[in-house]
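Descriptive structure summary
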Amino acid sequence: MDPTTTLTHFRERRDEMIDKIIQIVDIESPSGDVGQNLKVVEWIVKYAAESGLNVEVERVTADGFGEHLIIRAFPGNGKHILLLGHTDTVHPIGSIAKIRPASMMANSTDAEYLI
């Protein structure tokens, strides 16, 4: 995709992307809670499958932590891109009732930011 097409692609999907970010951040998954971290892994696997993209998902067990995911998309001989993240939200279970980990707010120029 050229840069203009890529920008258009993401602008058209802005609301959906924000919704997905809020969904995943709202899964309480404190560090060390394997069961809750696996809920995040399951969400990612489900979303990858529903994306309509040609993806291959490999699950790697990490004893005491849950699972690591390796998702291969857009197979080919081109350059590879590595995206690295984590599935824990750090905060203990019940924190979501006290704080809103993902919400929208406006800055002084009325641009919206996900925080």
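Reference entry: report on the structure contained in this document. (Residues numbered from 1 in each chain as written. Predicted model: local features only at pLDDT ≥ 70, side-chain atom pairs only at ≥ 80, totals over all residues. Heavy atoms only, no water.)

So, the pairing of strand β2 (residues 66–73)
- When strand β1 (residues 55–62) meets β2, the two strands line up antiparallel, connected through 8 bridges. Residue E56 lies in a different strand from β2, and its bridge partner there is R72.
- Counting the residues between successive antiparallel strands, the hairpin from β1 to β2 contains 3 residues, one of them, G64, with a positive phi of roughly 85°. (Pairing = 2+ DSSP bridges. Helix = DSSP H or I, 4+ residues; strand = E, 2+ residues; numbered from the N terminus.)

A few points about the layout of surface pockets
- Here the largest pocket defines a volume of roughly 2300 Å³.
- Looking at the lining of the largest pocket, the element that brings in the most residues is β2, giving 8 residues.
- When its residues are assigned to classes, the lining of the largest pocket shows 25 nonpolar, 16 polar and 9 charged. (1 Å grid on protein atoms, 1.4 Å probe; cavity = no way out; pocket = protein on both sides within 12 Å on 5 of 7 lines; lining within 4 Å. Points joined across faces, edges and corners; volume = space filled by probe spheres on them. Nonpolar A, V, L, I, M, F, W, Y, C, P; charged D, E, K, R; others polar.)

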